[in-house]
Amino acid sequence: MIQLTDISGRTHAIHPDAIARLVEPGNSGKWHGINCYVKTFNGDTIEVLEDVSEIMGLIKSAQEAK
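Just so it is clear, the structure is predicted and the values come from calculations on it, not from any experiment. (Residues numbered from 1 in each chain as written. Predicted model: local features only at pLDDT ≥ 70, side-chain atom pairs only at ≥ 80, totals over all residues. Heavy atoms only, no water.)

A. Highlighting the overall build of the protein. Along the protein, the regular secondary structure elements total 2 helices and 5 strands. Shown N-terminal to C-terminal, the secondary structure of the protein runs as helices and strands in the order β-β-β-α-β-β-α. Compactness check: the protein gives a C-alpha radius of gyration of 11 Å against a globular reference of 11 Å for 66 residues, within 12% of the reference. Summarising its shape, the C-alpha atoms of the protein cover approximately 35 × 20 × 20 Å along the three principal directions. By residue count, 29% of the 66 residues in the protein fall in the buried class. (Helix = DSSP H or I, 4+ residues; strand = E, 2+ residues; numbered from the N terminus. Rg over C-alpha atoms; globule rule 2.2 N^0.38 Å. Buried < 20%, exposed > 50% of the residue type's maximum accessible area, 1.4 Å probe, protein only.)

See below:
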């Protein structure tokens with residue numbers, strides 16, 4: 001599991017295999033403090049403070065720890 005923080009400050013623990021896609025926001029999203037949209041395979045979208053490269057690093061670390 002990796003931990004991500006949404007724009008409301010809540011922590012989410014999500015399994016890396018549940019992540020379908022990471023999307024960098026446009027300028028308006030960044031203005032609102034969103035650094036990445038995390039799209040899951042069940043259709044949810046989480047707007048998080050971490051950026052795409054940081055999340056990719058967390059996923060890689062989680063996979064190496066298996």
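B. Inspection of the side chain of Asp6 at higher detail. Within the secondary structure, Asp6 is located in the loop between strand E1 (2–5) and strand E2 (11–14). Judged by its relative accessible area of 5%, Asp6 falls in the buried class. In terms of polar contacts, Asp6 uses its side chain to reach the side chain of His12, at 2.9 Å. Those residues in contact with Asp6 that lie beyond four places of it in its chain are His12, Ile46, Glu47, Val48 and Leu49. (Polar contact = N/O pair within 3.5 Å; in protein donor to acceptor, adjacent residues only side chain to side chain. Contact = heavy atoms within 4.5 Å.)

C. Up close: the sheet that holds strand E5 (residues 45–48). Read across the open sheet, the 3 strands follow the order E3-E4-E5; overall the sheet is antiparallel. The strands lining the two open edges of the sheet, one partner per strand, are strand E3 (19–23) and E5. Averaged over neighbouring strand pairs, the angle between their axes works out to 20° when direction is ignored. Of the strand pairs in this sheet, E3 and strand E4 (residues 36–40) are connected by 4 bridges, and their pairing is antiparallel. Counterpart to Arg21 in the pairing with E4 is Lys39. Its contacts with the sheet place helix H2 (residues 52–64) against E3, E4 and E5, and it is angled at close to 150° to E3. (Pairing = 2+ DSSP bridges. Axes fitted to C-alpha atoms, helices over the stretch in contact; angles between N-to-C directions.)

D. Structural detail: H2. The terminal C-alpha atoms of H2, which comprises 13 residues, lie 18 Å apart, in line with the 18 Å expected from a rise of 1.5 Å per residue. Taken together, the buried positions of H2 are occupied by Val52, Ile55, Ile59 and Ala62. Looking straight down H2, one finds its buried side chains confined to an arc of 90°; they lie on one side. Away from its buried face by more than 90 degrees, H2 exposes Ser53, Lys60 and Glu64. (Expected span 1.5 Å × (residues − 1). Arc of directions from axis to C-beta.)

E. Highlighting the pairing of E2. The pairing of E1 with E2 spans 4 bridges and is classified as antiparallel. Directly across from Thr5, in E2, lies its bridge partner Thr11. Connecting E1 to the next strand, E2, in antiparallel fashion are 5 residues, including Gly9 with a positive phi near 90°.

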